[in-house]
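Chain by chain, the residues:
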Amino acid sequence: MNESWTWLGAPLPTIAILGAAFLVLFIAERLAPLRAPRSSLAGRLVVNACVSALALATAYFVVAPAAMAALREVSFRQIGLLQWIALPEPAEVAFGFVLMDLSFYYWHMANHKIPFLWRFHNVHHVDPDLDVSTAFRFHFGEVAFSAVFRVAQIVLIGVTPFTFALYEILFGLHTLFHHSNVRLPLALERWINKVLVTPRMHGVHHSDVRRENNANYSVVFSLWDRLHRTLRLNIAQTRIVIGVPGYLEPANNVVRNMLVLPFRTQRDYWRIADGPVVERSDSDITLPRNGMQA
Ligand SMILES: [Zn+2]
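These numbers were taken from a predicted model, which means no experiment stands behind them. (Residues numbered from 1 in each chain as written. Predicted model: local features only at pLDDT ≥ 70, side-chain atom pairs only at ≥ 80, totals over all residues. Heavy atoms only, no water.)

*Asks:* Just checking my understanding: could you explain the pattern of salt bridges for this structure?
*Replies:* A side chain of one charge can pair with a side chain of the opposite charge if their charged atoms are brought near each other. Evaluated as defined, the whole model comprises 10 salt bridges. A salt bridge links Asp-127 to Arg-44, with the shortest nitrogen-to-oxygen separation between them at 2.7 Å. Of this pair, Asp-127 sits in the loop between helix H5 (115-125) and helix H6 (140-157) while Arg-44 sits in helix H2 (residues 41-77), placing them 83 residues apart in sequence. No difference in accessibility class separates Asp-127 from Arg-44, as the two residues are buried. (Salt bridge = Lys/Arg side-chain N within 4 Å of Asp/Glu carboxyl O. Helix = DSSP H or I, 4+ residues; strand = E, 2+ residues; numbered from the N terminus. Buried < 20%, exposed > 50% of the residue type's maximum accessible area, 1.4 Å probe, protein only.)

The following block contains the structure:
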């Protein structure tokens, strides 16, 4: 197995590819922004860089060794679904890739539905704006827990190191892309979104309205939200407030608060201070639900 393939193991070519993609998207979202930012970019960049650095360090020191050990076990013992059904290699890669993405859909949904996991995943959603710098802003605790999921994912699917590495790099690139604040022509984005998760689709997922936050869990293929009826595209990006209402005050989004947030008494996430639960007015919503708005 060539361990230098995976970005979790952080080899130089992969860092270069992801770094270049970050820069291209960062420049593109300055030239053609999708949503108007609400807070200072410099302040957010500091918070997102610190939280992301801890997340990436945890991925490198905890998740990558666990994933590598699981990949070795799968190869050595020939365990997992794909090892048992023994498809021709191209089909095995394609099927493995699809199953990796489907299992991520369930892991992302679990991070929203299970209150203990949401304490940590909430840190990602508290960012008051959404752009490429949000892409890897995850609490290190969430990343550490994902090691358990990654081992289960690898062992149950029986994924090969090549498929795993291919998925990892495309997962990293796609995470950068769908978090970015790049304004694509609506017709083009609608077309891409028939297959892939796009910035407008993921923008709805970062909305401060609970129903919208609990939609659009897919990572690479948008198919999973279509199949599970969790797709929601019918809100214009200008009508979306990014963030979590209980943590929308600018003073919340500082490094120290973000790191301790999961261990503190949790606020009512969907209410601004003592105000009402944030709801979407009917005039903001168009039909059908899967009709992407500008
Ligand atoms: Zn989420």
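*Asks:* Just to check I follow, could you spell out the coordination of the zinc ion for this structure?
*Replies:* Perfect tetrahedral coordination of a metal by four donors corresponds to 109.5 degrees between them, and perfect octahedral coordination by six donors corresponds to 90 or 180 degrees. Of the protein atoms, only His-108 (NE2), His-112 (NE2), His-121 (NE2), His-125 (NE2) and His-205 (NE2) coordinate the zinc ion, at distances of 2.2 to 2.3 Å. Summarised as a motif, the one-chain spacing of the donors to the zinc ion is H-x3-H-x8-H-x3-H-x79-H. One end of the pair, His-121, and the other, His-125, are both in helix H5, four residues apart, so they sit about a helical turn from each other. Judged by relative accessible area, His-121 falls into the buried class, the value being 2%. (Donors = N, O, S within 2.8 Å, 3.2 Å for Na, K, Ca; no water.)

*Asks:* Is there a simple way to think about the packing of aromatic side chains in this case?
*Replies:* Centre-to-centre distance and the angle between the planes together describe a pair of aromatic rings. Under the definition given, this model contains 18 aromatic pairs. On the numbers, 5.2 Å between centres and 70 degrees between planes, the contact of Phe-104 with Phe-149 is edge-to-face. One end of the pair, Phe-104, is in helix H4 (residues 89-113); the other, Phe-149, is in helix H6, and 45 residues separate them in sequence. With respect to class, Phe-104 is no different from Phe-149; both count as buried. When the ring of Tyr-105 is compared with that of Tyr-106, the centres are 5.5 Å apart and the planes differ by 80 degrees; the resulting orientation is edge-to-face. For Arg-30, the ring lying beneath its charged end belongs to Phe-26, and the centroid distance is 4.3 Å. (Phe/Tyr/Trp six-rings, centres within 6.5 Å; stacked < 30°, edge-to-face > 60°. Lys NZ or Arg CZ within 6 Å of the ring centre and 35° of its normal.)

*Asks:* What is the right way to read the environment of Asp-284 from this model?
*Replies:* The residue Asp-284 is located in the segment after helix H12 (255-260) in this model. Taking relative accessible area as the criterion, Asp-284 reaches 12% and is therefore assigned buried. Not counting chain neighbours up to four residues away, the residues in contact with Asp-284 comprise Asn-234, Ile-235 and Arg-239. (Contact = heavy atoms within 4.5 Å.)

*Asks:* For this particular structure, what's the right way to read H6?
*Replies:* Along an α-helix, residues three or four apart share an orientation, since each turn contains 3.6 residues. Between the first and last C-alpha of H6 there are 25 Å, a value that for 18 residues agrees with the 26 Å anticipated at 1.5 Å per step. At Ala-147, H6 shows its strongest bend, of approximately 25 degrees. Buried within H6 we find Gly-141, Glu-142, Val-143, Ser-146, Ala-147, Phe-149, Arg-150, Gln-153, Ile-154 and Ile-157. Next to the buried residues of H6 lie H2, helix H3 (81-85), H4, H5 and helix H7 (161-179). Two residues or fewer past H6, Gly-158 is found with a positive phi of approximately 70 degrees. (Expected span 1.5 Å × (residues − 1). Bend = angle between axes of the 7 residues up to and from the residue.)

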